[in-house]
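Next come the chains, spelled out residue by residue.
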Amino acid sequence: MKGKMKAVVKTKPGYGAELIEVDIPKIGPNQVLIKVTSTSICGTDYHIYTWNKWAESVIKTPQILGHEVAGIVVEVGENVSKVKVGDFISAETHIPCGRCYQCETDKQHVCAEMKILGVHTDGVFADYAVIEEVDVWINDPSIPPEFASVQEPLGNAIDTIYAGNVAGKNVLISGAGPIGLLAVGVAKAFGATKIVVSEPNKYRQDIAKKMGADEIIDPTKEDLEYAVKNATDGIGVDFVAEMSGHPVALNTALKCICTGGSMALLGFPSDKVSIDLTNDVILKEITLIGVTGRKMFKTWYIAKRLLKEKRLDLTPVITHQLSLEEFDKGMELMKSGNCAKIILKP
Ligand SMILES: [Zn+2]
Ligand SMILES: [Zn+2]
């Protein structure tokens, strides 16, 4: 397709981004072009926008921001058979090579040559975006369009909670950022008995309540370990979903797990973290599980079922709907923490 489009572009290293006109991108034989209907802001986009150390080491400017997306297919490459013009799709954001050991042994989501949409390639905060055929997810007609782009971070939450096999168990969600909040709803849908949430931000505490949290603790005001033991007959939780990446939160969460329990870690600490392996992991036989991305496409099927059967309502987590032009406002909201998922519409 020929022509121009508007896009949020990181034009040069440093803070911020610009809304500018660029060419509508051309697709390759294994790609599709979509007319973007909605996107959502992720922590990753915020890191690229504010240009933290990680962004500086990975991002090559100029680059279009964004990776959480839904849209209508307007053009397909010559080898594409999975999808046709007019289909309403969302996108997986891990772009696997298809040839490495992980790709050939059912672990495409941790491909050794992994590229990530909007990190290693141009992203989706634009009128049009290029999606690899391997990443196409055809949306079920029952999925509300405003939820469509949020299925990607929902997948992170599902993959994390899935790791805890939580039915009938007591669970701690450590950190109620957007994915932590989604994880509360997922834990509820998966049949967790008691869901304790640790989160200092009042705005997010209120959303956690709406998503089904049974107990919410502000770890800056209360002793989390004591409160968790109190909420679990003195036993501790069976499983922790560590979503914050905060070293103190991570250490405290380890102390909240009962002996023999497990913890899945999704939140990235920005530096190395010191933990008491002997007392908090080895002697307690704690299983630690790293989670990155979501399974292609097992997690997406679970997301679809939860939404289609109305076992999960994402409405409380979608706190703002802005136009693409208002991306600076979206990033300000991210900075304040008084938001969960922010939708951007071109
Ligand atoms: Zn994301
Ligand atoms: Zn691979």
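Here the structure is a predicted model, which means the values were calculated and not measured.

Some remarks on the coordination of the zinc ion (ligand 1)
Working step 1: Surrounding the zinc ion (ligand 1) are the protein donor atoms Cys42 (SG), His67 (NE2) and Glu68 (OE), which sit 2.1 to 2.6 Å from the metal.
Working step 2: The sequence pattern describing where the donors of the zinc ion (ligand 1) fall on their chain is C-x24-H-E. Placement of the pair is Cys42 in the loop between strand E3 (31-40) and helix H1 (43-50) and His67 in the loop between strand E4 (63-64) and strand E5 (68-76), with a sequence separation of 25 residues.
Working step 3: Exposure remark for Cys42: the relative accessible area of 12% places this residue in the buried category.
Working step 4: Looking at His67, the relative accessible area reads 5%, which means it is buried.

Thoughts on the pattern of salt bridges
Working step 1: Tallied over the full model, the rule gives 18 salt bridges.
Working step 2: Asp280 serves as the salt-bridge partner of Lys255, at 2.8 Å between the closest nitrogen and oxygen. Taken as a pair, Lys255 in helix H8 (residues 247-256) and Asp280 in helix H9 (residues 277-282) lie far apart in primary sequence, 25 residues in all.
Working step 3: A residue is classified by how much of its surface remains accessible, and Lys255, at 32% relative accessible area, is partly exposed.
Working step 4: What you see here is one network of salt bridges that share partners, running through Lys6, Asp127 and Glu325.

Looking at the domain arrangement of the protein chain
A common way to report how large an interface is uses the accessible area buried once the components associate.
Working step 1: We note that the domain assignment places domain 1 (4-154 + 294-345) and domain 2 (164-290) within the protein chain.
Working step 2: A C-alpha centroid distance of 28 Å is found between domain 1 and domain 2.
Working step 3: Counting residues at the interface gives 19 residues for domain 1, matched by 14 residues for domain 2.
Working step 4: For the domain 1 and domain 2 pair, buried surface summed over both sides reaches about 1400 Å², with 73% attributable to carbon and sulfur atoms.
Working step 5: Summed over the shared surface of domain 1 and domain 2, the number is 5 residue pairs in polar contact (both at pLDDT 80 or more).
Working step 6: Breaking the side of domain 1 that touches domain 2 down by element, the ones donating at least two residues are helix H4 (151-162), helix H10 (298-308) and strand E17 (318-323).

Digging into the sheet that holds strand E1 (residues 4-10)
Working step 1: A sheet is described by the order of its strands in space; here 3 strands give the open sequence E2-E1-E4, paired in antiparallel fashion. A single partner strand is all that each edge strand has here, and the edge strands are strand E2 (18-23) and E4.
Working step 2: In this structure, E1 lies alongside E2, joined through 6 bridges in antiparallel fashion. Residue pairing in the sheet places Val8 in a bridge with Leu19 of E2.

Some remarks on the nonpolar core
Working step 1: Within the largest apolar cluster, 42 residues are counted, with the highest numbers of intra-cluster contacts made by Leu154, Ile161, Ile173, Val197 and Leu314.
Working step 2: Put simply, the parts of the chain that give this core at least two residues each are H4, strand E11 (170-174), helix H5 (178-189), strand E12 (194-198), helix H6 (202-211), strand E14 (237-242) and H10.
Working step 3: With 8 residues, the single largest contributor to this core is H5.
Working step 4: When residues of this core are assigned to domains, at least three fall in each of domain 1 (4-154 + 294-345) and domain 2 (164-290).
Working step 5: Sequence-distant contacts of Leu154, defined by excluding residues within four places in its chain, comprise Leu182, Val186, Ala303, Leu307, Leu312 and Leu314.
Working step 6: Within the second largest apolar cluster, 36 residues are counted, among which are Ile41, Val80, Leu117 and Val124.

Describing the coordination of the zinc ion (ligand 2)
Perfect tetrahedral coordination of a metal by four donors corresponds to 109.5 degrees between them, and perfect octahedral coordination by six donors corresponds to 90 or 180 degrees.
Working step 1: Only Cys97 (SG), Cys100 (SG), Cys103 (SG) and Cys111 (SG) from the protein reach the zinc ion (ligand 2) as donors, at distances of 2.3 to 2.4 Å.
Working step 2: Coordination at the zinc ion (ligand 2) is tetrahedral, judged from the 4 donor atoms that bind it and the angles of 101 to 118 degrees they form at the metal.
Working step 3: We note that the donor set of the zinc ion (ligand 2) lies within a single chain, spaced as C-x2-C-x2-C-x7-C. Across the pair, Cys100 and Cys97 agree in class, each one buried.

What counts, and where the lines are drawn
Residues numbered from 1 in each chain as written. Chains lettered and ligands numbered in written order. Predicted model: local features only at pLDDT ≥ 70, side-chain atom pairs only at ≥ 80, totals over all residues. Heavy atoms only, no water. Donors = N, O, S within 2.8 Å, 3.2 Å for Na, K, Ca; no water. Helix = DSSP H or I, 4+ residues; strand = E, 2+ residues; numbered from the N terminus. Buried < 20%, exposed > 50% of the residue type's maximum accessible area, 1.4 Å probe, protein only. Salt bridge = Lys/Arg side-chain N within 4 Å of Asp/Glu carboxyl O. Domains from an automatic or database assignment. Contact = heavy atoms within 4.5 Å. Buried area = accessible area lost by both parts, 1.4 Å probe. Polar contact = N/O pair within 3.5 Å; in protein donor to acceptor, adjacent residues only side chain to side chain. Pairing = 2+ DSSP bridges. Core = buried A, V, L, I, M, F, W, Y, C linked by side-chain atoms within 4.5 Å. Tetrahedral: all angles 85-135°; square planar, octahedral: opposite > 155°, others 65-115°.

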